[in-house]
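Structure at a glance
Spelled out, the chains give:
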Amino acid sequence: MKNKKSFFCIDAHTCGNPVRVVAGGAPFLKARSISEKRLEFMKHHDWIRKGLMFEPRGHDMMSGSLIYPPEHDENDAGILFIETSGCLPMCGHGTIGTLTVAIQEGLIRPQIPGQVRLETPAGLVKATYEMDGDRVSSVTLVNVPSFLAAADLEVESPQLGTLRFDVAYGGNFYAIIDPQPSFSGIESYSAAQLVHLSQELRPLINEKYPDLFVHPEHDKIRSVTHLMWTGKPLDTASSGRNAVFYGDKAIDRSPCGTGTSARMAQWYERNLLRTGDLFIHESYIGSVFTGKIKEEYILAGKKAIIPSIKGWARITGFNTIIIDDDDPFAEGFQVI
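So, here is what we can say about the structure in this document. (Residues numbered from 1 in each chain as written. Predicted model: local features only at pLDDT ≥ 70, side-chain atom pairs only at ≥ 80, totals over all residues. Heavy atoms only, no water.)

1. Brief notes about the overall build of the protein chain
Scanning the protein chain from terminus to terminus reveals five helices and 17 strands. Scaling as 2.2 N^0.38, a compact globule of 336 residues should have a C-alpha radius of gyration of about 20 Å, and the protein chain matches this with 19 Å. A principal-axis box enclosing the C-alpha atoms of the protein chain has dimensions of 60 × 45 × 35 Å. Within the protein chain, the fraction of its 336 residues that count as buried is 55%. Restricting the contact set of the protein chain to residue pairs at least 6 apart, pairs at least 24 apart contribute 64%. Only carbon and sulfur atoms are counted for the fraction: they give 50% of the accessible area of the protein chain, which is about 14,300 Å². (Helix = DSSP H or I, 4+ residues; strand = E, 2+ residues; numbered from the N terminus. Rg over C-alpha atoms; globule rule 2.2 N^0.38 Å. Buried < 20%, exposed > 50% of the residue type's maximum accessible area, 1.4 Å probe, protein only. Contact = heavy atoms within 4.5 Å. Areas by Shrake-Rupley, 256 points an atom, 1.4 Å probe, with all protein chains shown as cover.)

If you want it as structure tokens, here you go:
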């Protein structure tokens, strides 16, 4: 048994996108803050992420979380986010899914019922939740300060030609590609086509603008990690629709929480959204998050917003996963 490690996981999805919550088996981390825990986990325990997220135990779209005690007594928990691409500073759909699981299954007992204060590597996230009997029916999170980092940039796509884009931060840096002459909108493309375009485009953006996207207070949060392709909503009542590319080959099935925050920051800066306005954001599959600008904010002298995101999640199963050192695929693999 010394060569085997078991993890008790509660699997769920947030508006279609997976969340695997590690409820048992998370490693002890010596670091105090959740941001330092993230670095320690990445340095010494990344095999856990790979084993749980990659095939054969996971898949290309898999993401998950580990819950830790908070550094500060006034907070309820700390969360590390894991996925196929690494350990994100913040994950909106992951927060909604993790909280749904944690509240329903008693993994987190909030100091104030209905309210949760979460330490994340990107900063403090405050959330509220609503119950329908013994089920969490929705979670609303108040995200970290979000802002437009750069506007009207250009890059040459090998397939589409010149593309204009903005870059906004909502917990991760997003290159946002709106419809334009060389890109008619996501309704004209399959998910596979958007993945292929994104795989070519993301490194070109970071190569062309190597030092432009750095968080003003967390210099380890840098570079464009996500691409948001936008298009015409399926429902005329919605504000917009997106397909978010993340990792190496994934399109977010949810509307993307940090992406919705980044999108609202972009619209705010472009005078398309005001404080208090609802922002109804559709995913590629049509599921919806409801966003709102809670307040305006100044971050290191730069205009920003405090966004809120409301969504739902459902538990799909309980799963004990074994990672065995004798398994040649103990740390998983990726095919494409």
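Still more ground to cover, so stick around.
2. Topic: the environment of serine 188
With respect to the helices, strands and loops of the structure, serine 188 is situated in the loop between strand E10 (173-177) and helix H4 (191-208). C-alpha separation for the pair serine 188 and glycine 231, spaced 43 residues apart in sequence, amounts to 8.8 Å.

3. What about the packing of aromatic side chains?
Applying the stated rule across the entire model yields 12 aromatic pairs. Ring geometry for tyrosine 209 against phenylalanine 213: centres 6.3 Å apart, planes inclined by 55°, an arrangement best described as tilted. For phenylalanine 213, a relative accessible area of 1% puts it in the buried group. What links up through ring pairs into an aromatic cluster is the set Phe147, Phe165, Tyr169, Phe173, Tyr209 and Phe213. Directly above the aromatic system of phenylalanine 7 lies the positively charged group of lysine 5, at a separation of 5.8 Å from the ring centroid. We note arginine 241 situated over the ring of tyrosine 284; from NZ or CZ to the ring centre the distance is 5.1 Å. (Phe/Tyr/Trp six-rings, centres within 6.5 Å; stacked < 30°, edge-to-face > 60°. Lys NZ or Arg CZ within 6 Å of the ring centre and 35° of its normal.)

4. Notes on the pairing of strand E6 (residues 123-132)
As defined by bridge partners, strand E5 (residues 115-120) adjoins E6 across six bridges and the pair is classed as antiparallel. Considered in E6, the bridge of arginine 117 is made with lysine 126. Taking the residues that link successive antiparallel strands as the turn, the E5-E6 hairpin has two residues. Pairing of E6 with strand E7 (residues 135-142) involves seven bridges; the strand directions are antiparallel. What sits directly across from methionine 131, in E7, is valine 136. Connecting E6 to the next strand, E7, in antiparallel fashion are two residues, including glycine 133 with a positive phi near 70°. (Pairing = 2+ DSSP bridges.)

5. Here's the deal with the packing of helix H1 (residues 34-44) against helix H2 (residues 46-53)
Packing of H1 against H2 leaves a shortest axis separation of 5 Å and a crossing angle of 75°. Considered as vectors, H1 and H2 are oriented roughly perpendicular to each other. Contact residues: H1 offers Phe41, Met42 and His44, while H2 offers Asp46, Trp47, Ile48 and Arg49. (Axes fitted to C-alpha atoms, helices over the stretch in contact; angles between N-to-C directions. Parallel < 35°, antiparallel > 145°, perpendicular 65-115°, else oblique.)

6. Overview of the environment of glycine 240
For glycine 240, the position within the fold is in strand E12 (residues 240-246). Placed 48 residues apart in sequence, glycine 240 and valine 288 show a C-alpha to C-alpha distance of 9.9 Å.

7. Some details on unusual backbone geometry
Between glutamate 55 and proline 56 the backbone carries a cis peptide bond, its omega angle lying at 10°. Within the secondary structure, proline 56 is located in the loop between H2 and strand E3 (63-68). One non-glycine residue, aspartate 152, lies in the positive phi region at around 55°. Assignment of secondary structure puts aspartate 152 in strand E8 (residues 147-157).

8. Description of the nonpolar core
Phe165, Phe183, Phe213 and Trp229 are the most contacted members of the largest nonpolar core, which totals 70 residues. Residue contacts for phenylalanine 213: discarding those within four places in its chain leaves Ala150, Leu153, Val167, Phe173, Ile205, Asn206, Ile221, Arg222, Ser223 and Val224. (Core = buried A, V, L, I, M, F, W, Y, C linked by side-chain atoms within 4.5 Å.)

9. Quick notes on helix H5 (residues 257-269)
Look at H5: 19 Å from first C-alpha to last across 13 residues, which is about the 18 Å you get at 1.5 Å a residue. Among the 13 residues that make up H5, 12 are buried, leaving the element largely enclosed by the rest of the structure. Of all the positions in H5, only Gly257, Thr258, Gly259, Thr260, Ser261, Ala262, Arg263, Met264, Ala265, Gln266, Trp267 and Tyr268 are classed as buried. At the exit of H5 stands asparagine 271, carrying a positive phi of roughly 60°. (Expected span 1.5 Å × (residues − 1).)

10. What to know about the side chain of asparagine 172
Of note, asparagine 172 is situated in the loop between strand E9 (161-169) and E10. A relative accessible area of 3% places asparagine 172 in the buried class. A polar contact of 3.0 Å, which involves the side chain of asparagine 172, links it to the backbone oxygen of methionine 90. Here the side chain of asparagine 172 touches threonine 258 through a polar contact of 3.3 Å, side chain to side chain. Look past the residues within four positions of asparagine 172 in its chain and what remains in contact with it is Leu88, Pro89, Met90, Thr225, His226 and Thr258. (Polar contact = N/O pair within 3.5 Å; in protein donor to acceptor, adjacent residues only side chain to side chain.)

11. Focus on the side chain of serine 33
If you trace the backbone, serine 33 turns up in the loop between strand E2 (17-24) and H1. Judged by relative accessible area, serine 33 falls into the buried class, the value being 13%. One polar contact links serine 33 to serine 35, side chain to side chain, over a distance of 3.1 Å.

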